[in-house]
Amino acid sequence: MDAQSTQSALLHRDGGVSPSRGALELTLTWGGRVLGALVLAWVLVLARGTSAGPAIEDPGRFLVTLLDGVTFAGLLFVVASGFTLIFGLMRTVNMAHGSLFLLSAFIAIRVQQAMVGKTRNIESADVGILDWIVPLLVGASIAAVVGIVMQQLFLRWNQGQELRQALITLAISVVLADQMLREFGGLAVRMVWPREVTHFIEIFGSRYATSRLFMLAVAIVVGIALWVWLTRTRMGMVIRAGVDDEQMVRALGINITLVFAITFFVGAFLAGMGGVMGASFAGAATGADGDWLLNSLVVVIIGGLGSIKGAVAGSLLYGLVIAFSPAYLPSSYTFYSIILTFVLLAVVLAVRPNGLFGRAG
Amino acid sequence: MTRLTPLRLRSPGTVVLVVVLVLLFLLPTVSSTFFVDFVMARTMMLGLAAATIVFLSAYGGMISLAQLLFFGIAGFMYGNAVLESGARGLTLGWPGWVSIVFALVVTTVVALLLGALASRTTGIYYLMLTLVYGVIGFYVFAQVVPISGPGGVTSIPRPEVLADPVRLYYAGLVLSVIAYVGFRALSVTPFGRSLQGVRDDPVRMASLGFNVPLHRMLAFTLAGFVAGLAGLLNVWWNGQIDPASIGIGPTLTLLIIAVIGGMSRFEGAWVGAFVYLVANNYMRDLPLVDQLGITEARFNTIIGLLVLLIMVLSPEGLVGIFEKARAWWQRATLTPTTEAASTATTSTGVGRSGPPATADDPAADTAARSDTVAHDSPREGTDR
């Protein structure tokens with residue numbers, strides 16, 4: 001009786017069905033499209049007095065901004081896909097996702113320093129491709145192990161109590177943040193890209209760092225691997241079935257507890273991978289855990305919780321807004337760029353309360 | 001979910017409450033100014049803000065992480081309005097009362113708009129969305145230089161009436177009492193009743209003709225307003241406000257305060273704030289703490305472990321643990337029939353979004369709540 005009613009509350013959580021909803025939705029959808037067209041027109045021809053200028057006059061700057069957005073979206077996707085994978089199957093909101101991100105980053109930096117043999121002023125020239133990949137694997141694996149220990153000790157036995165689980169992971173994130181501060185200190189540290197990927201290419205006269213393109217490539221590989229795993233393997237089939245009807249999967253004699261553990265492992269591993277990429281891209285420091293929890297949340301709220309497709313769409317939209325808003329807002333108003341993130345969120349939620357690819361259940 | 005009731009005269013709970021209140025009113029005459037200023041005044045303002053989290057959670061089933069944002073907005077707006085000169089802020093130089101009204105109006109309007117946007121979500125989605133509100137709010141104040149900037153607004157004067165720390169404490173106490181009694185009285189009003197209906201079954205309420213999003217939005221607005229009051233007390237106490245004080249860390253701290261006390265009882269908010277502040281102020285003075293390697297710097301680890309322990313033991317917080325102990329004691333002295341009834345009933349903890357237990361008999365209800373952990377362990381994965 002309790003199980004049923006909980007589920008029905010979940011299924012119909014946007015229960016505010018009013019007669020005028022259809023018309024409202026239509027208006028909002030068209031409003032969103034008109035807004036999109038206005039933004040496009042602004043960026044293409046109207047954006048005078050901004051730091052970038054209209055795109056038709058400075059296509060190089062436009063392309064660079066676009067690439068900035070898409071490459072950052074790659075990083076967002078790697079982190080958020082782990083978050084959404086865990087939520088999709090287990091309905092666990094892992095508030096410690098950002099902590100796993102930061103933990104992996106710190107550990108990878110330590111490993112890289114040990115491999116290169118220097119603790120400071122590491123140049124890209126000192127770093128071979130293995131000096132980047134091995135720390136990545138070590139850091140992400142440790143994050144994954146911490147994640148699975150967390151799941152086995154604290155989340156396994158209260159599966160389905162979403163808020164309790166969110167608060168438990170929240171408490172863990174507070175402890176992890178404090179312990180990381182003790183162990184790694186409060187100074188920002190940096191992971192160094194391998195020399196193979198640190199070049200510059202010319203785009204319409206602007207130099208562009210290939211390391212960002214490398215980051216995008218890694219994200220695309222991760223995305224394809226996830227897609228193959230979820231759609232072309234037996235395990236992926238079980239996970240997708242579990243997302244739809246966990247009890248039925250259990251009734252079919254499949255050990256879904258094991259599948260839960262593996263999914264949590266992969267989700268935490270992705271957070272760790274994202275951490276190492278993020279630390280190479282922008283450094284790692286105390287507070288990054290909260291920022292990346294926020295980033296994951298924004299991506300999955302826009303894209304729809306539990307959907308990998310949604311994570312792609314959410315990452316792209318959010319990444320583009322982050323890249324475009326400082327460049328194409330009038331120069332004296334660039335500090336309002338954060339508000340545009342919020343506008344994006346508001347528009348998406350007004351049109352689709354469950355996110356772009358979210359299902360009401 | 002605890003059944004919400006207004007205060008009744010001549011019930012044992014009211015007697016306890018009145019005794020506690022009398023003690024709280026007499027407190028400044030016996031304790032040190034430091035204790036009143038740094039622990040009790042803070043308890044009142046943080047408890048008031050945490051009570052709005054409890055209100056949204058207990059009445060509406062909405063866990064909001066945006067309450068500290070409203071706390072902050074009120075502070076920032078007051079600072080911007082009241083200052084006459086200074087390097088930062090709008091320095092509007094308005095009189096105190098106008099500034100207070102302005103701060104509360106802005107806070108309430110922002111709460112109304114954000115509440116409208118969030119009104120079609122609940123449960124875990126609400127938690128995530130309001131966390132995003134809180135963090136984006138932090139960035140807005142950190143980046144929008146005209147109203148704050150990273151350094152915040154400084155040297156904000158207190159109203160002269162409240163210059164004495166003891167008076168500020170009394171102001172907090174009075175507001176807290178009003179909020180406590182008011183929130184509890186709300187449970188029998190038509191709005192309070194339909195809000196609880198929305199919490200338990202939004203679909204049924206919608207089909208009965210209730211406007212579900214409107215109820216959620218109004219509840220959020222009310223909570224934002226009360227959090228704004230707490231924020232005014234805070235800015236008077238602090239004399240300054242900066243974006244870091246409403247960042248993700250303090251946001252989680254406020255939730256932790258509500259969680260420590262217990263999310264289903266209003267007392268819990270102030271109990272949680274008190275425990276948190278006492279731990280924060282006095283932990284270093286405990287004997288043997290140094291030898292364990294626990295220093296002041298590791299305070300967050302202790303608080304995190306405390307919350308973890310509470311959530312593992314009982315999602316109802318300290319108030320829940322206390323009630324559990326009481327129910328256990330009662331059960332130990334009761335007949336086996338009641339015990340059987342208690343195991344047959346399903347309990348609802350923080351983690352459930354379903355309707356409350358079916359038991360209509362108050363004794364069984366209390367006993368059922370006491371069994372959260374015992375019930376949950378073997379029922380892994382089966383209750384959704």
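Residues numbered from 1 in each chain as written. Chains lettered and ligands numbered in written order. Predicted model: local features only at pLDDT ≥ 70, side-chain atom pairs only at ≥ 80, totals over all residues.

Student: How would you summarise the overall build of chain B if you had to cite specific residues and measurements?
Tutor: A tally of helices and strands in chain B yields 16 helices and zero strands. Within chain B, the proportion of its 384 residues that are buried is 51%. The long-range fraction of contacts in chain B, counting pairs at least 24 apart against all pairs at least 6 apart in sequence, stands at 76%. (Helix = DSSP H or I, 4+ residues; strand = E, 2+ residues; numbered from the N terminus. Buried ≥ 20, exposed ≤ 12 C-beta atoms within 10 Å, placed from the backbone. Contact = placed C-beta atoms within 7 Å.)

Student: Which residues make up the overall build of chain A, and what values do they have?
Tutor: Helix and strand counts for chain A come out as 13 helices and two strands. The C-alpha radius of gyration of chain A comes to 22 Å, within 12% of the 21 Å expected for a compact globule of 361 residues. With the principal axes as the frame, chain A shows a C-alpha extent of 65 × 60 × 40 Å. Within chain A, buried positions represent 51% of all 361 residues. A fraction of 77% describes how many contacts in chain A between residues 6 or more apart in sequence connect residues 24 or more apart. (Rg over C-alpha atoms; globule rule 2.2 N^0.38 Å.)

Student: How would you sum up the pairing of strand β2 (residues 206–209) of chain A? Please name residues and give values.
Tutor: Residues and elements named next belong to chain A. When strand β1 (residues 200–203) meets β2, the two strands line up antiparallel, connected through four bridges. From the neighbouring strand, I201 faces β2, where its bridge partner is Y208. With antiparallel pairing between neighbouring strands as the criterion, β1 and β2 make up a hairpin whose turn holds two residues, including F204 at a positive phi of roughly 50 degrees. (Pairing = 2+ DSSP bridges.)

Student: How would you sum up the packing of helix α8 (residues 234–244) of chain A against helix α10 (residues 256–282) of chain A? Please name residues and give values.
Tutor: The relative placement of two packed helices comes down to the angle between their axes together with the axis-to-axis distance. Residues and elements named next belong to chain A. Taken N-terminus to C-terminus, the directions of α8 and α10 make an angle of 105 degrees; their axes are 11 Å apart at the nearest point. Relative to α10, α8 is oriented roughly perpendicular. Across the interface between the two elements, V238, I239 and G242 from α8 touch I256, V259 and T263 from α10. When the residues that make up the contact of α8 with α10 are grouped by side-chain class, the tally is four nonpolar, two polar and no charged. (Axes fitted to C-alpha atoms, helices over the stretch in contact; angles between N-to-C directions. Parallel < 35°, antiparallel > 145°, perpendicular 65-115°, else oblique. Nonpolar A, V, L, I, M, F, W, Y, C, P; charged D, E, K, R; others polar.)

Student: Can you explain the environment of A108(A)? Please cite residues and give values.
Tutor: Residue and element names in this part refer to chain A. When you line up the elements, A108 lands in helix α4 (residues 97–116). For the pair A108 and D131, spaced 23 residues apart in sequence, the C-alpha separation works out to 9.8 Å. In this structure A108 touches P135, L136, V138, G139, M191, V276 and A279, once residues within four positions along its chain are discounted.

Student: Account for unusual backbone geometry, naming residues and giving values.
Tutor: The phi torsion at R91(A) lies on the positive side, around 55 degrees, for a residue other than glycine. On the secondary structure map, R91(A) appears in the loop between α3 (59–90) and α4. Overall, the presence of 20 C-beta atoms within 10 Å leaves R91(A) in the buried class. Of note, S155(B) is a non-glycine position whose phi angle comes to about 40 degrees, a positive value. Tracing the sequence through the fold places S155(B) in the loop between α5 (123–143) and α6 (165–185). On the basis of neighbour counts, which here come to 12 C-beta atoms within 10 Å, the residue S155(B) falls in the exposed class.

Student: Account for the nonpolar core, naming residues and giving values.
Tutor: If you look at the biggest cluster of nonpolar residues, it comprises 224 residues, and the most contacted ones within it are A50(B) and V132(B). Examining the composition of this core, we find that 17 residues originate from one element, helix α2 (residues 33–60) of chain B, more than from any other. (Core = buried A, V, L, I, M, F, W, Y, C linked by C-beta atoms within 7 Å.)

Student: Before we move on, can you summarise the confidence of the model for chain A with the specific residues and values?
Tutor: Scored by pLDDT, chain A comes out at a mean of 85, with 92% of its residues at no less than 70. Counted against residues more than four places away or in other chains, residues 1–20 of chain A, with its pLDDT under 50, gives 43 contacts. (pLDDT = per-residue confidence, 0-100.)

Student: Any details on the packing of α6(B) against helix α9 (residues 212–238) of chain B? Residues and values, ideally.
Tutor: Residue and element names in this part refer to chain B. Orientation of α6 relative to α9, taken along the N-to-C sense of each, is 170 degrees, at an axis distance of 11 Å. The angle between α6 and α9 falls in the class roughly antiparallel. Across the interface between the two elements, L168, A171, G172, L175 and A179 from α6 touch V226, L229, L233, W236 and W237 from α9. Here the contact of α6 with α9 is built from residues that sort into nine nonpolar, one polar and no charged.

Student: Which residues make up the environment of V312(B), and what values do they have?
Tutor: Within the element layout of this structure, V312(B) appears in helix α12 (residues 299–313). Here the alpha-carbon distance between V312(B) and A230(B), two residues 82 residues apart in the chain, equals 30 Å.

Student: Tell me about helix α7 (residues 210–232) of chain A, and name the residues and values.
Tutor: Residues and elements named next belong to chain A. For α7, with 23 residues, the first-to-last C-alpha span of 32 Å sits near the 33 Å given by 1.5 Å per residue. Of the positions making up α7, those classed as buried are S211, F214, M215, V218, A219 and L226. Where α7 is buried, its residues meet α3, β2, α10 and α12 (308–328). (Expected span 1.5 Å × (residues − 1).)

Student: How would you explain the confidence of the model for chain B if you had to name every residue and give the values?
Tutor: Low pLDDT marks regions whose predicted coordinates should not be analysed in detail. Residue and element names in this part refer to chain B. Per-residue pLDDT for chain B averages 81, and the proportion of residues at 70 or more is 82%. In the model of chain B, helix α16 (residues 372–376) stands out as the element of lowest mean pLDDT, 37, in contrast to α9, which has the highest, 94. Low pLDDT, under 50, characterises residues 338–384; the predicted model gives this stretch 97 contacts beyond four residues in sequence or across chains. Model confidence for the complex is summarised by a pTM of 0.82, with the ipTM given as 0.81.

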